[in-house]
2 protein chains.
Amino acid sequence: MEMVSDERGVTAAAGTAKARIERAALTLFVERSIEGVSTKSIAAQAGVSEGLLYRHFKSKSDLSRTLMKAIHDQLTILVRAHSGQSLEAAVADIVRDYAALADNDWPLFAYHLLYMHRFPNLASDGPLRAAAELVAFNQSAGRLPAAVAPDLLASMALGVVLQAAHGKLLGANIEALSDHIDMFERAVMAVLEDA
Amino acid sequence: MEMVSDERGVTAAAGTAKARIERAALTLFVERSIEGVSTKSIAAQAGVSEGLLYRHFKSKSDLSRTLMKAIHDQLTILVRAHSGQSLEAAVADIVRDYAALADNDWPLFAYHLLYMHRFPNLASDGPLRAAAELVAFNQSAGRLPAAVAPDLLASMALGVVLQAAHGKLLGANIEALSDHIDMFERAVMAVLEDA
DNA sequence: GAGATATAAGTGATTGATCACTTATATTGC
DNA sequence: GCAATATAAGTGATCAATCACTTATATCTC
């Protein structure tokens with residue numbers, strides 16, 4: 001059973017009813033907010049009955065949490081994957097992978113961008129925490145000024161990329177984030193070193 | 001009739017039923033999302049009847065839009081107010097005022113941070129647009145590199161501060177944004193000049 | 001491998017609760 | 001005594017979730 005994580009599915013096998021439900025929910029949640037979307041409309045968009053939704057998820061809240069955990073864990077792994085390199089290389093890789101993920105599955109990325117704050121339980125181990133650890137390591141190695149709290153500095157650095165993504169949400173003329181990764185990398189490094 | 005914009009009211013006179021409704025709505029919207037809050041619960045939190053809500057606002061949607069326009073316009077004016085100075089001075093003033101507004105009325109600021117994307121009609125004239133114009137002016141004057149799209153660069157610069165605010169929402173150890181304005185200013189300038 | 005039995009996938013009608021909003025009535029300040 | 005301000009009691013619609021039931025797919029027994 002092939003596991004995918006692209007336009008066709010989040011964690012379930014592509015094409016299955018469960019994957020169609022997840023994709024429909026994701027799209028509608030981003031368009032109209034989580035609470036603003038009914039289980040009936042999710043089922044209609046997925047082309048399944050409303051009852052089936054409850055065979056695969058115990059509640060609408062379970063569905064929304066499952067989707068968030070999928071992208072949240074994906075982003076966390078993405079940040080941690082580049083910890084064993086020089087800071088410049090790590091930042092370049094993380095920025096590139098962030099942009100690629102956003103471009104390859106914008107609804108999933110936008111879902112995390114918009115609604116992560118509704119899942120505070122997940123925040124204790126997420127991409128922000130992973131980035132803060134990367135900052136702290138480079139501070140203790142003397143490669144970054146140690147005066148700033150690591151999680152705050154990580155927030156500011158990530159904010160450069162995330163707010164550009166937010167601009168795309170609001171209709172700014174940004175097609176693909178990947179078109180700007182060199183600039184993002186320079187800006188992130190500038191924040192880390194000059195703040 | 002005194003107009004206020006602090007913990008006790010957004011645009012209405014302090015202490016009036018209308019102001020209490022606005023403040024209750026704001027608090028609940030930030031806690032539970034706009035669609036996740038009922039008119040009944042807003043009225044209960046404000047200590048008024050549900051019907052009274054409809055004497056002051058024609059709908060729940062009107063109420064949420066009124067609140068958003070209030071903070072949106074306030075932020076726009078804040079950015080435009082500092083356009084006639086040197087770039088360094090403008091950035092310092094804007095960062096200071098942003099942080100002060102966030103600290104003085106966190107629910108109102110958080111409301112803008114969280115739900116602005118649900119009001120795309122307002123985006124054409126907002127703080128992001130005002131910041132983009134400031135960037136464009138400094139680019140044409142040769143004080144900033146002209147290679148980057150102004151709205152994208154403005155997004156990235158604002159993102160430094162806004163993502164720090166987001167960190168506070170997720171429970172990071174940030175008490176007051178105003179405690180970090182010098183660092184924010186340095187980071188914003190670094191993004192603008194090095195990106 | 002055929003028949004029997006179990007399990008998973010799927011349906012759509014229905015539930016009580018809650019939704020945004022309205023109407024009829026009361027109270028207030030001048 | 002009259003507006004303006006407020007309230008409580010409603011309205012039909014829609015909500016998330018569950019229900020009894022059907023169909024398809026395994027798994028087991030011999």
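Residues numbered from 1 in each chain as written. Chains lettered and ligands numbered in written order. Predicted model: local features only at pLDDT ≥ 70, side-chain atom pairs only at ≥ 80, totals over all residues. Heavy atoms only, no water.

Moving on: the domain arrangement of chain A. Residue and element names in this part refer to chain A. Looking at the assigned domains, one finds that chain A contains domain 1 (17–57) and domain 2 (64–194). Every contact between the two is made by ten residues of domain 1 and, on the other side, twelve residues of domain 2. Across the interface of domain 1 and domain 2, roughly 950 Å² is buried in total on both sides, 71% from carbon and sulfur atoms. Our count for the contact surface shared by domain 1 and domain 2 stands at two salt bridges. Between Arg118 and Glu35 there is a salt bridge, with its nearest N and O atoms 2.2 Å apart. At the surface where domain 1 touches domain 2, the tally comes to four residue pairs in polar contact (both at pLDDT 80 or more). (Domains from an automatic or database assignment. Contact = heavy atoms within 4.5 Å. Buried area = accessible area lost by both parts, 1.4 Å probe. Salt bridge = Lys/Arg side-chain N within 4 Å of Asp/Glu carboxyl O. Polar contact = N/O pair within 3.5 Å; in protein donor to acceptor, adjacent residues only side chain to side chain.)

Summarizing the sequence annotation, UniProt attributes the feature "domain: HTH tetR-type" (unreviewed entry) to residues 15–75 of chain A in the numbering used throughout. The span residues 15–75 of chain A is 77% helix and 0% strand, and its two end C-alpha atoms sit 24 Å from each other. (UniProt positions renumbered as here; feature names shortened; annotations may be inferred. Helix = DSSP H or I, 4+ residues; strand = E, 2+ residues; numbered from the N terminus.)

With that settled, consider a negative patch on the surface. A cluster of acidic side chains, namely A:Glu88, A:Glu193, A:Asp194, B:Glu88, B:Glu193 and B:Asp194, defines a negative patch on the protein surface. Elements with a minimum of two residues in the negative patch: helix 9 (181–194) of chain A together with helix 9 (181–194) of chain B. By secondary structure assignment, the location of A:Glu193 is in helix 9. (Patch = residues over 30% accessible without salt bridge, like charges linked within 9 Å, V, L, I, M, F, W, Y side chains within 5 Å. Areas by Shrake-Rupley, 256 points an atom, 1.4 Å probe, with all protein chains shown as cover. Lys, Arg positive; Asp, Glu negative; His and termini not counted. Charge placed at Lys NZ, Arg CZ, Asp CG, Glu CD.)

Residue and element names in this part refer to chain A. One non-glycine residue, Ser33, lies in positive phi territory at about 75 degrees. With respect to the secondary-structure elements, Ser33 resides in the loop between helix 1 (17–32) and helix 2 (39–46). Since its relative accessible area comes to 3%, Ser33 is described here as buried. (Buried < 20%, exposed > 50% of the residue type's maximum accessible area, 1.4 Å probe, protein only.)

For DNA strand D, the set of nearby residues contains 16 residues, the closest of which are A:Ser38, A:Thr39, A:Tyr54, A:Lys60 and B:Ser49. At the protein interface, 57% of the atoms of DNA strand D within 4 Å belong to sugar or phosphate. Here a phosphate oxygen of DNA strand D sits 2.9 Å away from a polar atom, N or O, in the main chain of B:Ser49. If you list the elements that add at least two residues to the surface near DNA strand D, you get helix 3 (50–56) of chain A together with helix 3 (50–56) of chain B. For the surface near DNA strand D, a count of residues per class yields five nonpolar, seven polar and four charged. (Near = heavy atom within 4 Å. Nonpolar A, V, L, I, M, F, W, Y, C, P; charged D, E, K, R; others polar.)

Looking now at the UniProt feature "DNA-binding region" (unreviewed entry) in chain A. Feature annotation in UniProt places "DNA-binding region" (unreviewed entry) on residues 38–57 of chain A, given in this structure's numbering. Counted over residues 38–57 of chain A, helix gives 75% and strand 0%. Its end C-alpha atoms are 14 Å apart.

This brings us to helix 2 (residues 39–46) of chain B. Residues spaced three or four apart along an α-helix point in a common direction, a consequence of the helix completing one turn every 3.6 residues. Residues and elements named next belong to chain B. Here helix 2 has its buried residues at Thr39, Ser41, Ile42, Ala43 and Ala46. Looking at the buried side of helix 2, the elements it contacts are helix 1 (17–32), helix 3 and helix 4 (60–80). Positive phi shows up at Gly47, right after helix 2, with a value of about 75 degrees.

What follows covers the protein's contact with DNA strand C. Contacts to DNA strand C come from 16 residues, most closely from A:Ser49, A:Arg55, B:Thr39, B:Tyr54 and B:Lys60. At the protein interface, 52% of the atoms of DNA strand C within 4 Å belong to sugar or phosphate. Within the contact set of DNA strand C, a phosphate oxygen lies 2.8 Å away from a backbone nitrogen or oxygen of A:Ser49. Between B:Lys60 and DNA strand C, the recorded distance is 2.7 Å, taken from a side-chain N or O atom to a phosphate oxygen. Of all elements in the fold, only helix 3 of chain A together with helix 3 of chain B reach the threshold of two or more residues within the surface near DNA strand C. The residue makeup of the surface near DNA strand C, split by class, is five nonpolar, seven polar and four charged.

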